[in-house]
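# Observations on the model geometry
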Amino acid sequence: MNKKLAAALSGGAVLVLALSGCSDDEGDKVGDWAKTFCDQAKPQIQKRADAHQIIISTAADSKPAEIQAADSKAFQDIADADRALAKAVEAAGAPPVENGEKVKQDAIKELNATAVAYEGLKKQVDALDPTNQQKFADGLQGVADGLTKIEKMDQNALSKLEEGQLGQAMAKQPGCQKPTASVPPKASASPKAGSGSSDGSGTGSDPSKKPSAKPSAKPSASKSEE
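What you are looking at is a predicted structure, and each value in this text was computed from that prediction instead of being measured.

Secondary structure summary: the protein contains nine helices and zero strands in total. Reading the helices (α) and strands (β) of the protein from amino to carboxyl end gives α-α-α-α-α-α-α-α-α. Scored against the burial criterion, the 226 residues of the protein give a buried share of 48%. Long-range contacts, defined as pairs at least 24 residues apart, comprise 89% of the intrachain contacts of the protein with a sequence gap of at least 6. In the form shown here, the protein has an accessible surface area of approximately 10600 Å², with 51% of it arising from carbon and sulfur atoms.

Encoded structure:
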């Protein structure tokens, strides 16, 4: 029943920072800024990865009330992490790059806006009635649609920080590498969500069968060391 959310997450920004490899050595100032930010960002990036994994692993075979509780907590955790990341950007100050002050302000504004949007999703999930499977599934579809839009916001929130010299410097920092979710995926990856497919989540269920089982393996194996 939660497969739509899992599919939305697996297709979006599973982490705040999807940084690509490093190249030339960076100046001390850029490297220092990246270290300051990434050291503060690390626990928040981990928190987000764990929250995403909760949604994905809950997708397999859970009851509506379990899905509601898991998604509600995950959305709040991501909102809290985004706010903390905005504070980390503010604490690090304007990055020593062209238009650094604007880059900083834009990142803070977008991260806070994303946090508000995730809290909106939490309220949406909390308002669903888990005792009525059909209505719950219909409502969950609306949440999944909202999540797809928010994921795009999330990807854009730090995109300016990830460009050029600054992005390369951040890619070298352990704190900005993709973490392994510390929440273990559910052992049962079987699409027992057939119980959920009776409630309208059947459409588009084919592409979402894979996400619910596999995303947990991918984050740790991604190109974080390049």
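Let us look at the side chain of D82. Assignment of secondary structure puts D82 in helix α3 (residues 64–92). Under the relative-accessibility criterion, D82 is labelled buried at 0%. Separated by 2.7 Å, the side chains of D82 and R48 make a polar contact.

Attention now moves to unusual backbone geometry. With phi around 55 degrees, N99 is a residue other than glycine that occupies positive phi space. Mapping N99 onto the fold places it in the loop between α3 and α4 (100–126). N99 sits in the exposed class, given a relative accessible area of 53%.

What follows is about the state of the cysteines. Applying the stated criterion across every chain yields a total of one disulfide. There is a disulfide in this structure between C38 and C176, and the S-S distance comes to 2.1 Å. Between C38 and C176 the sulfur-sulfur dihedral comes to about -95 degrees; the bridge is accordingly left-handed. Of this pair, C38 sits in helix α2 (residues 28–58) while C176 is found in the loop between α6 (164–171) and α7 (194–201), placing the two residues 138 residues apart along the sequence. Given a relative accessible area of 0%, C38 falls into the buried group.

A rise of 1.5 Å per residue sets the reference length of α4, with its 27 residues, at 39 Å; its end C-alpha atoms lie 39 Å apart and thus fit the reference within 8%. Those residues of α4 not exposed but buried are G100, V103, K104, A107, I108, L111, T114, A115, A117, Y118, L121 and V125. In this structure, the buried residues of α4 make contact with α2, α3 and α5 (133–157).

Scanning all chains against the criterion turns up seven salt bridges. In this structure, R83 engages E119 in a salt bridge whose closest nitrogen and oxygen atoms are separated by 2.7 Å. Note that R83 is positioned in helix α3 and E119 in helix α4, a separation of 36 residues in sequence. Judged by its relative accessible area of 29%, R83 falls in the partly exposed class. By relative accessible area, which is 22% here, E119 ends up partly exposed. A salt bridge links K102 to D106, with the nearest nitrogen and oxygen atoms 2.7 Å apart. One end of the pair is K102 and the other is D106, both in helix α4 and four residues apart, which spans about a single turn.

This part is about the nonpolar core. Formed by 23 residues in total, the largest nonpolar core has its most connected members in W33, F37, V89, L111, L158, L161 and M170. Element by element, the count of residues in this core is highest for α2, at seven residues. Grouped together as the second largest cluster of nonpolar side chains are 14 residues, F75, A117, V143 and L147 included.

In this section: the side chain of K104. Structurally, K104 is set in helix α4. A relative accessible area of 11% means that K104 is categorised as buried. Contacts of K104, omitting those with residues within four sequence positions, involve V89, G93, A94 and P95.

Another aspect to go through is α2. The end-to-end C-alpha distance of α2 is 44 Å, a good match for the 45 Å that 31 residues give at a rise of 1.5 Å each. By the largest-angle criterion, A41 marks the main kink of α2, which is about 40 degrees, and a proline, P43, follows within four residues.

Reading the values: the criteria
- Residues numbered from 1 in each chain as written.
- Predicted model: local features only at pLDDT ≥ 70, side-chain atom pairs only at ≥ 80, totals over all residues.
- Heavy atoms only, no water.
- Helix = DSSP H or I, 4+ residues; strand = E, 2+ residues; numbered from the N terminus.
- Buried < 20%, exposed > 50% of the residue type's maximum accessible area, 1.4 Å probe, protein only.
- Contact = heavy atoms within 4.5 Å.
- Areas by Shrake-Rupley, 256 points an atom, 1.4 Å probe, with all protein chains shown as cover.
- Polar contact = N/O pair within 3.5 Å; in protein donor to acceptor, adjacent residues only side chain to side chain.
- Disulfide = S-S within 2.5 Å.
- Expected span 1.5 Å × (residues − 1).
- Salt bridge = Lys/Arg side-chain N within 4 Å of Asp/Glu carboxyl O.
- Core = buried A, V, L, I, M, F, W, Y, C linked by side-chain atoms within 4.5 Å.
- Bend = angle between axes of the 7 residues up to and from the residue.

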